[in-house]
Amino acid sequence: MAESSTDTHQWHCVGKVEDLKRTDGRKIYMESGTPLALFYLDPKRFFIFSAICPHAKGPLEQGDIEDLGDCVKVVCPLHFYSFDVETGQSASGLRLTTYKTEIRGDNLYVFSPEPVSLEKTKLSSNVQK
Ligand code: FES
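Residues numbered from 1 in each chain as written. Predicted model: local features only at pLDDT ≥ 70, side-chain atom pairs only at ≥ 80, totals over all residues.

Engineer: Help me out: how do you make sense of the nonpolar core in this one?
Structural biologist: In globular proteins that are soluble, nonpolar side chains generally tend to be buried together. Counting 25 residues, the largest nonpolar core has L36, A37, I48, F49 and L60 as the members making the most contacts within it. Sorting elements by how many residues they give to this core places strand β3 (residues 35–41) first, with 5 residues. Here L60 is in contact with A37, F49, S50, A51, I52, C53, V74 and C76, once residues within four sequence places are set aside. (Core = buried A, V, L, I, M, F, W, Y, C linked by C-beta atoms within 7 Å. Buried ≥ 20, exposed ≤ 12 C-beta atoms within 10 Å, placed from the backbone. Helix = DSSP H or I, 4+ residues; strand = E, 2+ residues; numbered from the N terminus. Contact = placed C-beta atoms within 7 Å.)

What follows is the structure, encoded as structure tokens:
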């Protein structure tokens, strides 16, 4: 199984847990502008993954979340492919890019290659390598 490298990943603060608790999905952004989908499920479970469906670029932040007990899946609103929100795997063989999350104190953190923001405010030209 091909895993994407996480060598360049670090833990980045997303925001306050209380502010991020919404049952519907929302779009957040990496510093470069890459959109991510953020979903919350009770109790205190957050999932962050690419907002762009690997099938045909459907908006996964608008997808439905299904808690199947042993796994949680997002269903793409365009053609209804579903993806495991932790492993990224799907029955189609396509793979979604997913990111680990962790709650530390009052804040949610994501293990990602870039800092994240709730708004698309920063451009890649501002990123120092
Ligand atoms: S674009 Fe997501 S299933 Fe087709």
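Moving on from the model shown.
Engineer: Is there a simple way to think about the pairing of strand β6 (residues 72–75) in this case?
Structural biologist: Put simply, side chains in a regular strand alternate between the two faces of the sheet. Where strand β5 (residues 64–67) and β6 come together, 4 bridges link them in antiparallel fashion. Bridge assignment links I65 to a residue of β6, and that residue is V74. By the bridge criterion, 3 bridges tie β6 to strand β7 (residues 82–84) in an arrangement that is antiparallel. Looking across to β7, one finds that V74 is bridged to F83. Counting the residues that bridge the hairpin from β6 to β7 gives 6 residues, and of these F80 lies at a positive phi of roughly 65°. (Pairing = 2+ DSSP bridges.)

Engineer: Can you help me understand the UniProt feature "domain: Rieske" (unreviewed entry) in the protein chain in this one?
Structural biologist: Those residues carrying the UniProt feature "domain: Rieske" (unreviewed entry) are residues 11–110 in this numbering. As annotated, residues 11–110 has a helix share of 4% and a strand share of 45%, and its two end C-alpha atoms lie 5 Å apart. (UniProt positions renumbered as here; feature names shortened; annotations may be inferred.)

Engineer: Would you explain the environment of Y40 in this entry?
Structural biologist: Mapped onto the fold, Y40 is located in strand β3. On the basis of neighbour count, Y40 is assigned to the buried category, with 20 C-beta atoms found within 10 Å. When the C-alpha positions of Y40 and D64 are compared, they lie 12 Å apart, and in sequence the two are 24 residues distant.

Engineer: Can you walk me through the sheet that holds β6 in this structure?
Structural biologist: The strands that make up a sheet pair up through hydrogen bonds in the backbone, lying either parallel or antiparallel. Ordered by their spatial adjacency, 3 strands build an open sheet running β5-β6-β7, and the pairing between neighbours is antiparallel. The strands lining the two open edges of the sheet, one partner per strand, are β5 and β7. The mean angle between the axes of side-by-side strands here comes to 30°, regardless of whether they run parallel or antiparallel. (Axes fitted to C-alpha atoms, helices over the stretch in contact; angles between N-to-C directions.)

Engineer: Mind showing me how you'd approach the pairing of strand β10 (residues 107–112) here?
Structural biologist: Looking at chain direction, strand β1 (residues 10–16) and β10 are connected through 6 bridges and run antiparallel. Counted as the bridge partner of H12 is V110 from β10. Relative to β10, strand β9 (residues 101–104) runs antiparallel, the two being bridged by 4 bridges. Among the inter-strand pairings, T101 is bridged to a residue of β10, identified as V110. Counting the residues that bridge the hairpin from β9 to β10 gives 2 residues, and of these G105 lies at a positive phi of roughly 65°.

Engineer: Could you clarify how one ought to interpret the confidence of the model for the protein chain in this entry?
Structural biologist: Overall, the prediction assigns the protein chain a mean pLDDT of 90, with 91% of residues at 70 or greater. Contacts for the low-pLDDT stretch residues 123–129, under 50 throughout, to residues beyond four places or in other chains number 5 contacts. (pLDDT = per-residue confidence, 0-100.)

Engineer: What am I meant to see in the sheet that holds β10 here?
Structural biologist: Spatial ordering of the open sheet is given by β1-β10-β9, a layout of 3 strands whose pairing is antiparallel. Edge positions in the sheet fall to β1 and β9, since each has one partner strand and no second. Sheet twist, expressed as the average angle between the axes of neighbouring strands with direction ignored, equals 30°.

Engineer: Got a minute to help me understand the environment of V85 in this structure?
Structural biologist: Mapped onto the elements of the fold, V85 is located in the loop between β7 and β8 (98–99). For the pair V85 and I48, spaced 37 residues apart in the sequence, the C-alpha separation amounts to 7.6 Å. Among residues more than four places away in sequence, those in contact with V85 are F47, F49, V72, K73, V74 and T98.

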